[in-house]
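Summary of the model geometry
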Amino acid sequence: MTVAINTKKMTLVQAVTDGLRTMLEEDERVLLLGEDVGVNGGVFRATDGLCEAFGEERVIDTPLAESGIVGTSIGLAMNGFIPIVEIQFLGFIYPAFNQIMTHATRIRARTKGRFTVPMVIRAPYGAGVRAPEIHSDSAEALFTHMPGIKVVVPSNPYDAKGLLIASIEDPDPVLFLEPMKIYRAGKGEVPEGKYTVEIGKGNRLKEGEDVSIFAWGAMVKVAMDAAEKMEEKGVSCDVIDLRTLYPLDKDIIAETVQKTGRAVIVHEAPLSGGVGSDIVSLINDTSFLYMRAPIERVAGFDTPMPFFNLEDDYIPDSTRVQKAIEKAVSF
Amino acid sequence: MTVAINTKKMTLVQAVTDGLRTMLEEDERVLLLGEDVGVNGGVFRATDGLCEAFGEERVIDTPLAESGIVGTSIGLAMNGFIPIVEIQFLGFIYPAFNQIMTHATRIRARTKGRFTVPMVIRAPYGAGVRAPEIHSDSAEALFTHMPGIKVVVPSNPYDAKGLLIASIEDPDPVLFLEPMKIYRAGKGEVPEGKYTVEIGKGNRLKEGEDVSIFAWGAMVKVAMDAAEKMEEKGVSCDVIDLRTLYPLDKDIIAETVQKTGRAVIVHEAPLSGGVGSDIVSLINDTSFLYMRAPIERVAGFDTPMPFFNLEDDYIPDSTRVQKAIEKAVSF
Amino acid sequence: MNTSIESQFPTYQIIDGEGNMVNDDYKSEITEELARKFYEKMIFARLFDRKGVNLQRQGRIGTYVPFEGQEAAQIGSALALEDGDWMFPTYRDHGATSAFGHSLKNIFLYWRGFIEGCVPPEGKNIFPPAVPIASQILHATGTAWADKKKGNDRVSLVYFGDGATSEGDFHEGLNFASVFNVPAIFFNQNNGFAISLPINKQMKSKTIAQKALAYDIPGVRVDGNDIFAVYFETKKAVDRARNGEGPSLIEALTWRYGAHTTTDDPTKYRDQHESHERREKYDPMTRLEKFMQKQGYWDEEWAEEVQKDASRRLDEAVEEMEKVEKSDEAVMFDYVFGTDVWPVEEQKQAFFADRSER
Amino acid sequence: MNTSIESQFPTYQIIDGEGNMVNDDYKSEITEELARKFYEKMIFARLFDRKGVNLQRQGRIGTYVPFEGQEAAQIGSALALEDGDWMFPTYRDHGATSAFGHSLKNIFLYWRGFIEGCVPPEGKNIFPPAVPIASQILHATGTAWADKKKGNDRVSLVYFGDGATSEGDFHEGLNFASVFNVPAIFFNQNNGFAISLPINKQMKSKTIAQKALAYDIPGVRVDGNDIFAVYFETKKAVDRARNGEGPSLIEALTWRYGAHTTTDDPTKYRDQHESHERREKYDPMTRLEKFMQKQGYWDEEWAEEVQKDASRRLDEAVEEMEKVEKSDEAVMFDYVFGTDVWPVEEQKQAFFADRSER
Ligand SMILES: Cc1ncc(C[n+]2csc(CCOP(=O)(O)OP(=O)(O)O)c2C)c(N)n1
Ligand SMILES: Cc1ncc(C[n+]2csc(CCOP(=O)(O)OP(=O)(O)O)c2C)c(N)n1
Ligand SMILES: [Mg+2]
Ligand SMILES: [Mg+2]
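Computed from a prediction, not measured in an experiment: that's the story for all the values here.

Cut-offs used in this document
Residues numbered from 1 in each chain as written. Chains lettered and ligands numbered in written order. Predicted model: local features only at pLDDT ≥ 70, side-chain atom pairs only at ≥ 80, totals over all residues. Heavy atoms only, no water. Donors = N, O, S within 2.8 Å, 3.2 Å for Na, K, Ca; no water. Buried < 20%, exposed > 50% of the residue type's maximum accessible area, 1.4 Å probe, protein only. Helix = DSSP H or I, 4+ residues; strand = E, 2+ residues; numbered from the N terminus. Lys, Arg positive; Asp, Glu negative; His and termini not counted. Salt bridge = Lys/Arg side-chain N within 4 Å of Asp/Glu carboxyl O. Polar contact = N/O pair within 3.5 Å; in protein donor to acceptor, adjacent residues only side chain to side chain. Contact = heavy atoms within 4.5 Å. Buried area = accessible area lost by both parts, 1.4 Å probe. Nonpolar A, V, L, I, M, F, W, Y, C, P; charged D, E, K, R; others polar.

Things to note about the coordination of the magnesium ion (ligand 3)
Residues and elements named next belong to chain C. Protein-derived coordination of the magnesium ion (ligand 3) comes from D162 (OD), N191 (OD1) and F193 (O), at a distance range of 2.1 Å. In primary sequence terms, the donor set of the magnesium ion (ligand 3) follows D-x28-N-x1-F. Overall, the relative accessible area of 5% leaves N191 in the buried class. A residue is classified by how much of its surface remains accessible, and F193, at 11% relative accessible area, is buried.

Let's talk about the coordination of the magnesium ion (ligand 4)
All names here are of chain D. Only D162 (OD), N191 (OD1) and F193 (O) from the protein reach the magnesium ion (ligand 4) as donors, at distances of 2.1 Å. In the primary sequence, the donor residues of the magnesium ion (ligand 4) line up as D-x28-N-x1-F. One end of the pair, D162, is in the loop between β4 (156-161) and α6 (168-180); the other, F193, is in strand β6 (residues 193-194), with 31 residues separating them in the sequence. Both residues of the pair, D162 and F193, belong to the buried class.

Brief notes about the side chain of D36 of chain B
Along the chain, D36 of chain B turns up in the loop between β2 (30-34) and α2 (50-54). This buried residue, D36 of chain B, is left without a salt bridge; R256 of chain C holds the nearest opposite charge, at 7.5 Å. Of note is the side chain of D36 of chain B, whose polar atom sits 2.6 Å from the side chain of S196 of chain C. Look past the residues within four positions of D36 of chain B in its chain and what remains in contact with it is G41, G42, D61 and Q88 of chain B together with A194, I195, S196 and L197 of chain C.

Quick word on the interface of chain C and chain A
Contact with chain C, which involves 44 residues of that partner, is made by 46 residues of chain A. A buried area of about 3,600 Å², summed over both sides, lies between chain C and chain A, and 66% of it is on carbon and sulfur atoms. Among the residues chain C hides against chain A, the three largest losses belong to K149, Y335 and W342 of chain C. Together they make up 18% of the total. Counting across the chain C and chain A interface gives three salt bridges. The partner of K149 of chain C in a salt bridge is E57 of chain A, with the nearest N and O atoms 2.9 Å apart. Where chain C touches chain A, the interface holds 20 residue pairs in polar contact (both at pLDDT 80 or more). Going through the elements one at a time, β2 (86-88), α5 (135-150), α6 (168-180) and α13 (342-357) of chain C are the ones with two or more residues in the side of chain C that touches chain A. Per-element accounting of the side of chain C that touches chain A gives the leading share, 11 residues, to α5 of chain C. Taken together, the residues of the side of chain C that touches chain A sort by class into 26 nonpolar, nine polar and nine charged.

These figures come from the coordinates and say nothing about function on their own.
Right, dumping it as structure tokens:
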């Protein structure tokens, strides 16, 4: 049986808006909260039109206080609502760190499930839009080390909507990171209405035999570009968009490296302590005997994200990834 | 030429006090700040007697506000002082996360060195003293992923004083983690006066051939115990106390695993995203061809530190480490 | 102008230290029945607290946080709530939580290191004790906001200490509550110390109540050792909240006689003499007794009965608590997520495999 | 009692919208020389700002944050400081920083994405623009505290907006400053909006000045478009701080005519009509001009000269800025630590090795 599903072409940020709208319609417990998310529709327009459509009781402009936003949303979540919180840029999540680390993520565990915090924290993240300082942080690894929260990063419009809806329906806190560099980098087909993309599952974007490439968010495009260039040189790449950073898709990671015996991981965050190291560990745990070369990590540097005239020097680019692939295959 | 150095037997926490006292005497720019560090001498007595000795202008009881303590200390540091901040327990550092992540660690980089933040943040950390919730967190990996700060963890009185003094003399922020489980677990010889232990250097505690064991803080004892038990079974262990978690001692890590071809890493923090993964990555980067078995990580679980009746179940113990060693050597 | 701000926040009192009724605001509502109810709950709380300290001394529980001296503040405010309302205690508020219907066994289990200490009886909206200071103020603002959105008349009351007012979350919570006009009661127990820090080093303002001015919400100061003052002022705030008139800040002046926790030594930072004096002059129990005696409400036999009953219930709770030897280790893993998450599942399996081999 | 709290904080004004002196408090100090100095700095700031907006439109710099309308608040306060004092600006305070001696080239470079934008000229204690809202309030408290400890008479002045008052750091900063009685001036530019959020959704209190009551420090409200009011009230606070009398909070009522940043569209959230009206009625430049005219201080030729000079200096700065094509990539690595740290060094080497191969 085939079901006709209507789709629309939209950008990643439009897909986010569409996902929010779908769930605001679907479930009256859903609330949006954040700075400038209401009348203004968000600084990236991710909540454009939603306040008009659903009213100020459901799409809420809050005072400028991240701990306040997350902390009060914890209360809302414990008492019957599903708050979707927007942190204006991921670099402004740090004032809310205590509320996330000691409460949002622990309340279920602390109370044997008596109180729970179904909540999504959305935040644009990463560099590449010539933004001022602190606006371009890639801090996902701070949250993958935090028990009790899932971390999700879409790389295209379809996944953005499907993963967002899955995150809203998840019974626990989910950090939903939106790569702002690709917010409007082309459109993709997005189904109307409600659908989900499963949290915790990676996505094979390209089938290949020689080397496995792992990326997420805005780095997926960079990885794909490098893979295509390397194909021209006769290197066949298996490209995995991880999509969820906690829990990682262990199966797809093991499966691909056991096939290729080689791996390159690409991320924008600083190398040390990055999610890349966790992937290396998983490969070590699952596939030691299969590996034919050291795993290459292409990442940001152990430095703060530089001022934007240097951001292109900081962000991994296709050339760096190609070199890493070459290194891996020529080991 | 030999120099006679007077030493005294003291506990780890006494060594911390001694280090603080030494530097308060040595350098009038040094200040201590924190909750209950003054008249009360700190909840663990780490600052005992210092307020009496150096006065309230130098050993300062602050209001109960971690962001306030770190944030104002940044100002003090930029304007000529060397603040040593005590966070009462590492689990209470999160309210100060924004000040550490976006300011303390970035001010040198942001201003090309025009302003700097020589500052030490001390915090008791880890489980094992039957403390209430949140008091037993091991959150070191949140800071090893933060460009601009060093992370230091002593495991014995001698190192505690020497590393603390090195941290105070370091021109940049240092997070100095004090494993509270071993604050008073036996005494060691500690030289009088000023000496330093170099930041960034691990310490080989036991020489061995079959497997390398890495640990820090309170886990060093656990690792040593397991190593000794395994020696009895004929497995020879090279035990490394890493002492600094950022920057890791790459040389000693590479050197030992290239000798043994096997590694076991022990830490108390949750497995995923832990510093263990970074060590795995370093081994991958430096010693791929030497490894004869997958690296074993013995760590806390991906769960919040449980209530204390279960804390011994959470913390890696000698048996778990022994099993990991067996697994590594029998691979 | 600023210098006399505290004169706008006089300390509200109904019964003075000698048990005299110093104002008639609630005269008709102050009945023998009410006084007896207060007494029952307060003496229970006091005995509870002494039991807690003793259990710790005997090594039957871990660190314990005593509240003797703060019974009137806790009981008076707790009794102003109704079932279905939300309570957010600190680690020092077992007087309040037990009066509001928490399980005694579970409260003791908290200090014995068991997660069950965080779980209130079904139907009771009592949050686990807040450990990170002031963080719970935001949660209470959130639950109050939720109830407002649902259109019911539940309120949320949150406890916090004088030290907690220095944290950013105190500020953000009161501002959110004020802006969204939520039914929250911010109940401050000003016991003069945050561990070793006296209040005059915590803040320069002479009152905590005046901090309400920053948010344009009502702020009052009450004698926290006068259970009538506490009860009726809290009730007023609760009623206002129920009627959609928004949040309030209440500062209850009180004192802890004991240590900050059982691991703390108060002689290091405060003159214990003052504690003794305060007990003599202002003790909330003594004051209530004196008042009842003066009003002819006092009945020695009844009081003994009440105390006996309290002791019996406490002994039972302790017995129940001590039956709990060890948690099932599975609780470490089973409540991290509401769904299966493989690293947690895998670690759980590895854990039990290891245990079964030992 | 709470309801009239704002009446205790009237808006202080010296020159009204028509350029009339409405009070004589500082009559003798208001000289032609002072008025001219103000005019020079303010017109410079306005031209600076328009240059910034234009450069952004032409793609010669990135996002820019305009402040037109806030010149009196920024210049009046900045001129109350002395060399050696500390200034902590937000991203909107180039008027203040340039008046206080920052390098024009560097300020422009900030918006062109260069780290040099954070580096003030040698000897100028100007901190980089604070991006995380309110966080800089604590730094200013800290530098002020340091100067107090050193026993010198330097003060620290920190700028922040109406929105910033909601953050916990605002609260913690003012409390620390109050408790340790440090020479800090908390200078709030209340421009009525935090991006799109109007102040009545940011807080329920009618003034920001009244928040000083929570900390028992002086709080005043000034007409932020009246440079005389701003200057003399700031000077008063600065003098108090220098004399060891502690911190103050100043609320300067002002308005930004333009967008929040050049990427923002204010018509989405506010009636631009109000901006036009405000410009007509309250513009700080026009007001100063009118005042000077009424006092006979105005000289058309002089004013033209001043503007020409300003334009020339701005053009020079822009030219200088545009000479800077790209940072040396080494700056990414070289200032993370003051010592060699191998991962950074190794990454730097790998970076340049890669670059040299391209
Ligand atoms: C964020 C945070 N910082 C520090 C602590 C350690 N601590 C526990 S209780 C306490 C003092 C609290 O004082 P107060 O708010 O007056 O409450 P009281 O204990 O007097 O009831 C401190 C500093 C903590 N629990 N949380
Ligand atoms: C911690 C933090 N949260 C959010 C932001 C995003 N942001 C930048 S400016 C701004 C509004 C600030 O308003 P206000 O304090 O009134 O200053 P103004 O821009 O009006 O000068 C916001 C929300 C930020 N920079 N930092
Ligand atoms: Mg207290
Ligand atoms: Mg504003």
